[in-house]
Amino acid sequence: MPLREDQHSELSTIARELMLARSRKGERITENTVIRLAVDLVIRHPELLIGDTEEELRTNMFSRFDLLLARERELLAGGAKDEPWEGK
């Protein structure tokens, strides 16, 4: 199935921004580069894919990423006040 127009547009923007931000000007970064990285992420972490439809898979994957990123931001900011694993 082909990419949606919004996906193609965002991929182009991301690839262009990555190209401009490179510190070494060697290998080109293209839309396909970004797609391959996303596929590698899913292959490496299939546990992120939970659901029966594309929408459920997307929603659950993004929810999990949001939780992981929020936790990372907490840790970088000095840690959370109440750690869930401390068994209160």
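Please refer to the structure higher up on the page.
Caption draft 1: Representation of the overall build of the chain in the model. Across its full length, the chain carries three helices and zero strands. The order of α-helices and β-strands along the chain, N terminus first, is α-α-α. When burial is assessed residue by residue, the chain has 11% of its 88 residues classed as buried. Within the chain, contacts between residues separated by at least 24 positions form 12% of all contacts whose residues are at least 6 apart in sequence. Counting only carbon and sulfur atoms, one obtains 58% of the accessible surface of the chain, whose full area is about 7,700 Å².

Caption draft 2: Summary view of the pattern of salt bridges. Going through the model one piece at a time under the given rule, you end up with four salt bridges. Residue R58 is joined to E54 by a salt bridge in which the shortest nitrogen-to-oxygen separation is 2.7 Å. Of this pair, R58 and E54 both sit in helix 3 (residues 54-76), four residues apart, which is roughly one turn of that helix. Several salt bridges share partner residues, and in doing so they unite E54, E55 and R58 into one network.

Caption draft 3: Focus on helix 3. With 23 residues, helix 3 should cover 33 Å at 1.5 Å per step; its first-to-last C-alpha distance of 33 Å lies within 8% of that length. Just downstream of helix 3 lies G78, where phi reads positive at about 115°.

Caption draft 4: How the structure looks around the environment of A15. Its location among the elements puts A15 in helix 1 (residues 5-21). On the basis of relative accessibility, which here comes to 3%, the residue A15 falls in the buried class. Separated by 17 residues in the primary sequence, A15 and N32 place their C-alpha atoms 8.7 Å from one another. Not counting chain neighbours up to four residues away, the residues in contact with A15 comprise I29, T30, E31 and V34.

Caption draft 5: Quick look at helix 1. Helix length check: helix 1 (17 residues) gives 24 Å between terminal C-alpha atoms against 24 Å at 1.5 Å per residue, within 8%. Structurally, helix 1 contributes buried residues whose contacts are with helix 2 (31-44).

Caption draft 6: Spotlight on the side chain of T33. As for its placement among the helices and strands, T33 is situated in helix 2. A residue is classified by how much of its surface remains accessible, and T33, at 14% relative accessible area, is buried.

Caption draft 7: Main features of the packing of helix 1 against helix 2. Orientation of helix 1 relative to helix 2, taken along the N-to-C sense of each, is 100°, at an axis distance of 8 Å. Considering the angle they form, helix 1 stands roughly perpendicular to helix 2. Contacts between helix 1 and helix 2 involve H8, L11, S12, I14, A15 and L18 on the former and, on the latter, E31, V34 and I35. The class makeup of the residues in the contact of helix 1 with helix 2 is six nonpolar, two polar and one charged.

Cut-offs and rules
- Residues numbered from 1 in each chain as written.
- Predicted model: local features only at pLDDT ≥ 70, side-chain atom pairs only at ≥ 80, totals over all residues.
- Heavy atoms only, no water.
- Helix = DSSP H or I, 4+ residues; strand = E, 2+ residues; numbered from the N terminus.
- Buried < 20%, exposed > 50% of the residue type's maximum accessible area, 1.4 Å probe, protein only.
- Contact = heavy atoms within 4.5 Å.
- Areas by Shrake-Rupley, 256 points an atom, 1.4 Å probe, with all protein chains shown as cover.
- Salt bridge = Lys/Arg side-chain N within 4 Å of Asp/Glu carboxyl O.
- Expected span 1.5 Å × (residues − 1).
- Axes fitted to C-alpha atoms, helices over the stretch in contact; angles between N-to-C directions.
- Parallel < 35°, antiparallel > 145°, perpendicular 65-115°, else oblique.
- Nonpolar A, V, L, I, M, F, W, Y, C, P; charged D, E, K, R; others polar.

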